[in-house]
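Architecture at a glance
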Amino acid sequence: IEMTYFLSEGDEALPDDDDDDDLDTDADQRLPNMLVGSIVRARGLYVQGKELPDSYASIRVSSGSGLHKSKTKVAKKNSSPHWDHQFRLPVS
C-alpha cells in the first residue's frame, strides 16, 4: 500500500511539490485531514484447502469523526490480484 496525506484548510488546493517549505512550518500546528492512497496489488495469497482464493483488500481509519473504510473489488480465484484501487479517507 502506498499512502500520502496532505494538509489543507477548507477549500485550499493541494500544495505544489516545490512548495514544501510552507508545509514544514505549519505541519506542527495542523493535523492532516485526508489520507490519500493506492492499493495496487498482492502476491502469493494462499488459503488452506482452496486452490485459488477470492481476494480483496480493505483499509480502515478511525478518526475523531468516526470510522472510515475503503475496499477493493473482489478478484475471484486469483492469488496475485492487481486492483490499482485509489482511496481518500478523512482523518483528524
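About the thresholds
- Residues numbered from 1 in each chain as written.
- Predicted model: local features only at pLDDT ≥ 70, side-chain atom pairs only at ≥ 80, totals over all residues.
- Heavy atoms only, no water.
- Helix = DSSP H or I, 4+ residues; strand = E, 2+ residues; numbered from the N terminus.
- Buried < 20%, exposed > 50% of the residue type's maximum accessible area, 1.4 Å probe, protein only.
- Polar contact = N/O pair within 3.5 Å; in protein donor to acceptor, adjacent residues only side chain to side chain.
- Contact = heavy atoms within 4.5 Å.
- Pairing = 2+ DSSP bridges.
- Core = buried A, V, L, I, M, F, W, Y, C linked by side-chain atoms within 4.5 Å.
- Phe/Tyr/Trp six-rings, centres within 6.5 Å; stacked < 30°, edge-to-face > 60°.
- Lys NZ or Arg CZ within 6 Å of the ring centre and 35° of its normal.
- pLDDT = per-residue confidence, 0-100.

Moving on to the side chain of serine 55. Its place among the elements puts serine 55 in the loop between β2 (34-41) and β3 (58-63). We classify serine 55 as buried; its relative accessible area is 4%. Separated by 2.6 Å, the side chain of serine 55 and the backbone oxygen of asparagine 78 make a polar contact. Serine 55 has contacts with Leu45, Lys73, Val74, Ala75, Asn78, Pro81 and Trp83, leaving out every residue within four places of it along the chain.

Residue alternation in β3 divides its side chains into a buried set, Ile59, Val61 and Ser63, and an unburied set, Ser58, Arg60 and Ser62. By the bridge criterion, 6 bridges tie β3 to strand β4 (residues 66-71) in an arrangement that is antiparallel. Residue pairing in the sheet places isoleucine 59 in a bridge with serine 70 of β4. Connecting β3 to the next strand, β4, in antiparallel fashion are 2 residues.

As a further point, take the nonpolar core. Ranked by size, the top nonpolar core spans 11 residues in total: Leu35, Ile39, Ala42, Ala57, Ile59, Val61, Ala75, Trp83, Phe87, Leu89 and Val91. Those elements that place two or more of their residues in this core are β2, β3 and β5 (82-90). Aside from chain neighbours lying at most four places away, what touches alanine 42 is Ser79, Ser80, Pro81 and Trp83.

It is worth spelling out the packing of aromatic side chains at this point. Evaluation of the coordinates by the stated rule reveals 0 aromatic pairs. Residue placement shows lysine 71 over the ring face of tyrosine 56; its charged tip is 4.8 Å from the ring centre.

Mapped onto the elements, histidine 85 comes out in strand β5. Sequence separation between histidine 85 and lysine 73 is 12 residues; the distance between their C-alpha atoms is 8.4 Å. Not counting residues up to four positions away in its chain, the partners in contact with histidine 85 are Gly37, Ser38, Ile39, Ser70, Lys71 and Thr72. In terms of polar contacts, histidine 85 uses its side chain to reach the side chain of serine 70, at 2.7 Å.

Our focus in this paragraph is the confidence of the model for the protein chain. Across the protein chain, the average pLDDT comes to 75, with 65% of residues at 70 or higher. Put simply, strand β1 (residues 2-6) is where the protein chain has its lowest mean pLDDT, 50, and β5 is where it has its highest, 91.

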